[in-house]
Amino acid sequence: MRNATLVIGLPGIGNVGKIVTDFVVEQLHAKEVGKFYSDIPPMVFPTKDSVEFPTLRLYHATHKRNNFIFITGDYQPREAKCFDFCTEVINIFKKVKGKEIIVLGGASLPNIDSNPSVYAIASKNSLIEKYRKVEPNLRSAHGNLGPIVGVAGVLLGLAKNKNINATAFLTETTDKQYFNAKSVKKALSLINKLTGIQIDNKKFNLRIRSIEAEISAIQNFIKPIESVKETEEEHDSSIGYIG
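These figures come from a predicted structure and were not determined experimentally.

Peer 1: Even after reading the chapter, I still don't get unusual backbone geometry, so can you show me in this structure?
Peer 2: Positive phi values are uncommon outside glycine, yet asparagine 3 reaches one of about 55°. Despite not being glycine, histidine 29 has its phi angle at roughly 55°, a positive value.

Peer 1: Quick question: what am I supposed to make of the sheet that holds strand S9 (residues 139-140) here?
Peer 2: Two pairing modes exist for strands in a sheet, parallel and antiparallel, and in both the strands are linked by backbone hydrogen bonds. A sheet is described by the order of its strands in space; here eight strands give the open sequence S2-S5-S6-S1-S7-S10-S8-S9, paired in mixed fashion. Both outer strands of the open sheet, strand S2 (31-37) and S9, are each paired with one neighbouring strand and no more. Pairing between strand S8 (residues 118-122) and strand S10 (residues 166-173): five bridges, direction antiparallel. Each residue of the ladder has a partner; that of valine 118, found in S10, is threonine 171. Across the sheet, helix H1 (residues 16-27) touches strand S1 (5-9), strand S5 (55-63), strand S6 (66-73), strand S7 (100-108) and S10, and the angle it forms with S6 is around 130°.

Peer 1: Hey, could you run me through the state of the cysteines in this one?
Peer 2: The bond known as a disulfide is covalent and runs between the sulfur atoms of two cysteines. All told, the structure shown has zero disulfides when counted by the stated rule. Free of any disulfide, cysteine 82 has its nearest neighbouring cysteine sulfur in cysteine 86, separated by 4.1 Å. A residue is classified by how much of its surface remains accessible, and cysteine 86, at 0% relative accessible area, is buried.

Peer 1: What should I look at first to understand the packing of aromatic side chains in this one?
Peer 2: For any two aromatic rings, the description comes down to two numbers: the centre-to-centre distance and the angle of the planes. Throughout the structure, instances matching the rule amount to five aromatic pairs. Between phenylalanine 23 and phenylalanine 204, the aromatic rings sit 5.0 Å apart at their centres with planes inclined by 55°, giving tilted as the arrangement. Of this pair, phenylalanine 23 sits in helix H1 while phenylalanine 204 sits in helix H6 (residues 201-237); the two residues are 181 residues apart in sequence, bridging distant segments of the chain. We note that phenylalanine 23, like phenylalanine 204, is buried. Taken together, a centroid distance of 5.1 Å and an interplanar angle of 80° make the contact between tyrosine 131 and phenylalanine 169 edge-to-face. Linking tyrosine 131 in helix H3 (residues 125-132) with phenylalanine 169 in strand S10, this pair joins segments that are 38 residues apart in sequence. One exposure class covers both tyrosine 131 and phenylalanine 169, and it is buried.

Peer 1: Where do I start with the pattern of salt bridges in this structure?
Peer 2: A side chain with one charge may pair with a side chain of the opposite charge, provided their charged atoms come close. One pass over the structure, following the stated rule, counts ten salt bridges. Across the salt bridge formed by lysine 18 and aspartate 22, the nearest N and O atoms sit 2.8 Å from each other. With lysine 18 and aspartate 22 both in helix H1 and four residues apart, the pair spans about one turn of that helix. By relative accessible area, which is 18% here, lysine 18 ends up buried. The partner of glutamate 135 in a salt bridge is lysine 193, with the nearest N and O atoms 2.9 Å apart. Here glutamate 135 is found in the loop between H3 and S9, whereas its partner lysine 193 is found in helix H5 (residues 181-195), with 58 residues between them in sequence. Each member of the salt-bridge network shares a partner with another, and the members are Glu32, Lys35, Glu52, Arg57 and Asp74.

Rules and cut-offs
Residues numbered from 1 in each chain as written. Predicted model: local features only at pLDDT ≥ 70, side-chain atom pairs only at ≥ 80, totals over all residues. Heavy atoms only, no water. Pairing = 2+ DSSP bridges. Helix = DSSP H or I, 4+ residues; strand = E, 2+ residues; numbered from the N terminus. Contact = heavy atoms within 4.5 Å. Axes fitted to C-alpha atoms, helices over the stretch in contact; angles between N-to-C directions. Disulfide = S-S within 2.5 Å. Buried < 20%, exposed > 50% of the residue type's maximum accessible area, 1.4 Å probe, protein only. Phe/Tyr/Trp six-rings, centres within 6.5 Å; stacked < 30°, edge-to-face > 60°. Salt bridge = Lys/Arg side-chain N within 4 Å of Asp/Glu carboxyl O.

What follows is the structure in structure tokens.
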């Protein structure tokens, strides 16, 4: 894992990072090499064998003689846990003498263009100029976005303090739905350019359709329940107070 590029994609705005990183891990047949557990949020997920706490997983893959480490999972650490997690990530990165850190995420904006913009923020300004040679339309988060919260922000801050090359790429998306197809396609195209991995877009399109079908099925299941609830509320509101 020496000289590895670390790619992180966690659940967040528009789930851009998680969807893309999960797919890349799958396509590269990356090997799971570690886990992070948390008791926050206080819950467990049902599994085939029993239950499991929310988990973040660490994967390793070699592609075209280049080492990659991926981190993805069920949740994104918050507040104090976020600092603990990011500190541990930095320690792992230093231990394997990592090359650079790439964080994939979303930027929630009112309107999404047909070709979503990507905003970058880095531990060193020179990194943004470097990546603009690969993606000329890359926009700076400075002056365009507000505070960068969560792992993307904290990890960059710690990386700057340790003189580590780290960049977050935040693709224009929305927080009003689970994901936006245009946004995740843009993010996959970007990671292909940045790393040279070249994941098959046709396969990714099939994955997107599968996710859309699952969401549609859930919505169709929920609609009748919401309709019954609304009817009950209307009935209750029609009953006045009798003294």
